[in-house]
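So the chains spell out like this:
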Amino acid sequence: RARLWSNKGQQLLSTNMSDIMYASYVYLLYGTAGVVTSIVSLWLIIQKLKSKFRPPPIAPFPPDTVQLFQFNRGPYCPSFSPFPMKLETYLRMAKIPYQNDFGSHFSKKGKIPWIRYNGEDVADTAFCIDFLNKKLDIDLDKHLSYEEQAVSWAFKRMLNEGLYWVAVYYRWVTDGGFRMAQLCFGNTIVIKYIVRPMMVKQCYSQGLGRHSPEEIKTIALADLQAIETFLGNKKFLMGNEPSEVDCSLFGFMAQFYWQLKDGVAEKFIPDHCPKIVQYCERMKARFWPDWDECITHGGTKIPTK
Ligand SMILES: N[C@@H](CCC(=O)N[C@@H](CS)C(=O)NCC(=O)O)C(=O)O
């Protein structure tokens, strides 16, 4: 009887062992499949999200028409950013047919705006303008002397590489400016916890973000004062006819005059720069007669253009 019990026990033990082994295999198999499925799904989601920010595939589009990729329309200016304002103003000045593609498709260089023209993609506003000038034989500076063209180039660099960071500071670093960013891009977790810290970091890496608010104000006013003085009684920056630099200048001045609402920056132009005020109104009337249709009026209306 004792032998019988011990055999039974062994049988029982070996049955239990094989059950446990089997269960372990099953768990391992399901576990591995679960982990692989999660990784693949996560990868697919990331790819899908990334594709939203990449240039879209080339699709049928009217020939000889510029497709302008830019952010959605801004609260008080047609764009929340000076560079799309610059490029769209250029297209209007040069009378080039274009259609906007609003959203978050960044160029292959990872920036906005950019253009697609007859299937060719061009990134960076300066290269977009050069490309279209050559393709369509346009020269908005043909009435300028070489010396004036050199001055115009220096102003463009000051705006694009210097004043841009001042605008970034008043837009993304200061709380008042950031409220305007939220009005344009939405009050989302991505804007608050990913984009804002990224822009603050960029501003710090460039160097401007390391200065005190007072020092940044001094730099901003010095740049604006230089523009105000050079503008003088001229209608446009380089004379009484508009030239290419006016696209950049207007793109930037429009931000300071109409759109940088932080309790400090929006007062710079009305308080210190009467010539720039007239210049902004003149450029708006001449190249943006449809301005009101191209803004969200502080986030209260859907723009029709
Ligand atoms: N040099 C570029 C500058 C464009 C630019 O800085 N775009 C900003 C928006 S205003 C951008 O895309 N920033 C995204 C980033 O830096 O990650 C041009 O002229 O097009």
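Please read these numbers as outputs of a predicted model, since none were measured by experiment.

Let us now look at the pairing of strand 1 (residues 66-70). Counting buried positions along strand 1 gives five out of five residues, so the element sits mostly inside the fold. Side chains V66, L68 and Q70 of strand 1 all project onto a buried face; the interleaved residues Q67 and F69 project onto the opposite face, where all are buried too. In this sheet, strand 2 (residues 98-102) lies alongside strand 1 in parallel orientation, the contact comprising five bridges. When the bridges of strand 2 are listed, Q70 appears paired with F102. A crossover links strand 1 with its parallel partner strand 2, the connecting element being helix 2 (residues 82-93), and its sense is right-handed. Both strand 1 and strand 3 (residues 114-117) contribute to a ladder of four bridges, which runs antiparallel. Following the sheet pairing, L68 is matched in strand 3 by I115.

Going through the model one piece at a time under the given rule, you end up with 20 aromatic pairs. Taking the centre distance of 5.1 Å and the plane angle of 85° together, the rings of F80 and F185 count as edge-to-face. Residue F80 is found in the loop between strand 1 and helix 2, and its partner F185 is found in helix 5 (residues 175-185); the two are separated by 105 residues along the sequence. Seen from their ring centres, F155 and F230 are 5.0 Å apart, and the 40° between their planes marks the pair as tilted. With F155 in helix 4 (residues 146-173) and F230 in helix 7 (residues 213-231), the pair connects residues that are 75 residues apart, well separated along the chain. Residue classification places F155 among the buried positions, given a relative accessible area of 11%. Relative accessible area serves as the criterion here: at 31%, F230 is assigned to the partly exposed category. An aromatic cluster of at least three residues, connected via ring pairs, comprises F53, F71, F80, F106, W172, F178 and F185. The ring centre of F80 lies 3.7 Å from the NZ or CZ of R171, which sits over that ring.

Procedures and definitions
- Residues numbered from 1 in each chain as written.
- Predicted model: local features only at pLDDT ≥ 70, side-chain atom pairs only at ≥ 80, totals over all residues.
- Heavy atoms only, no water.
- Buried < 20%, exposed > 50% of the residue type's maximum accessible area, 1.4 Å probe, protein only.
- Helix = DSSP H or I, 4+ residues; strand = E, 2+ residues; numbered from the N terminus.
- Pairing = 2+ DSSP bridges.
- Right-handed = clockwise from strand over helix to strand, strands pointing away.
- Phe/Tyr/Trp six-rings, centres within 6.5 Å; stacked < 30°, edge-to-face > 60°.
- Lys NZ or Arg CZ within 6 Å of the ring centre and 35° of its normal.

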